[in-house]
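Chain by chain, the residues:
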Amino acid sequence: MIRLVIVDDDAMVRTGLRLILGGEPDLDLVGEAGDGRQAMGVIGDLRPDVVLMDIRMPGQDGLTTTELLLARPDPPRILVLTTFDADDLVLRALRLGAGGFLLKDTPPPKMIEAIRAVARGEPVLSPSVTNQVIAAATGGYEPRSPQARRELDRLTEREREVAIEVARGSSNAEIAARLHMSVATVKANVTRIFAKLGTDNRVHVAMRVRDAGLL
């Protein structure tokens, strides 16, 4: 069972998430909170595996709450749910160590799979979030960088295919289905891509793919 806590100041959002998640046999919604300060106590008491975290909340916002939670021993995974009206906030949450980002209007099946992926330790970015994070990080400029090309040339053909799927925001399970690979093989390819590009972050891989002109 994956134990979940929802943190969002909008009661309607919390209700909607309860309806979406309530019927899944492997998801256990153990609690919720309406702001960051309340979340600290709820999460400390209930020790969930995954927290669905809104960024913008009155009082203690989602960024501060994420930072405080991830500073604790054995912290939960944080899946940020956002309307994405503030790219800089999402980038800051990424740097703090959030495990994934989804738009609040993500279709329920994809949201459920994202929760499972984050619980397994797999970073998750919806495609639209990936694209906007890259655009925010590059100021909207789409360079064709010879250096990025050289870096991508270090990858095998299969690793390059995986890197392009990562840049599209695909999860490991989605990459496996599209490229007819096992999830374990996808994970191994992602690990090698990280090593060859000198990163441990899927967004950085996506930026290099974009800079190389492969999207």
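Shown above is the structure to which this text applies.
What about the overall build of the protein chain?
A count of helical and extended segments in the protein chain gives 11 helices and six strands. Within the protein chain, contacts between residues at least 6 apart in sequence are counted, and of these 67% link residues at least 24 apart. Accessible surface, the protein chain as shown: approximately 10,100 Å² in total, 52% of it carbon and sulfur.

Looking at the sheet that holds strand β3 (residues 50–54)
Sheet architecture is open: six strands sit in the order β2-β1-β3-β4-β5-β6, paired in parallel fashion. This sheet does not close on itself; its edge strands, each paired only once, are β2 (27–33) and β6 (124–125). Across the sheet, helix α3 (residues 62–70) lies against β3 and β4 (77–82), angled at about 155° from β3, the strand it touches most. Packing of helix α5 (residues 108–119) onto the sheet brings it into contact with β1 (2–7), β2, β3, β4, β5 (100–103) and β6, and relative to β4 it is tilted by some 150°.

Describing unusual backbone geometry
Unlike most non-glycine residues, D74 shows phi in positive territory, near 50°. Look at D74 and you get exposed, because its relative accessible area is 63%. A positive phi is found at H180, a non-glycine position, where the angle reads about 55°. Tracing the chain through its elements places H180 in the loop between α9 (172–179) and α10 (183–197). Among the residues examined, H180 registers a relative accessible area of 72% and is labelled exposed.

Here we look at the environment of G198
Positionally, G198 belongs in the loop between α10 and α11 (202–211). Judged by its relative accessible area of 67%, G198 falls in the exposed class. The spatial distance from the C-alpha of G198 to the C-alpha of E151 is 9.6 Å, given a sequence separation of 47 residues.

So, how was this worked out
- Residues numbered from 1 in each chain as written.
- Predicted model: local features only at pLDDT ≥ 70, side-chain atom pairs only at ≥ 80, totals over all residues.
- Heavy atoms only, no water.
- Helix = DSSP H or I, 4+ residues; strand = E, 2+ residues; numbered from the N terminus.
- Contact = heavy atoms within 4.5 Å.
- Areas by Shrake-Rupley, 256 points an atom, 1.4 Å probe, with all protein chains shown as cover.
- Pairing = 2+ DSSP bridges.
- Axes fitted to C-alpha atoms, helices over the stretch in contact; angles between N-to-C directions.
- Buried < 20%, exposed > 50% of the residue type's maximum accessible area, 1.4 Å probe, protein only.

Read these as spatial facts, not as claims about activity.
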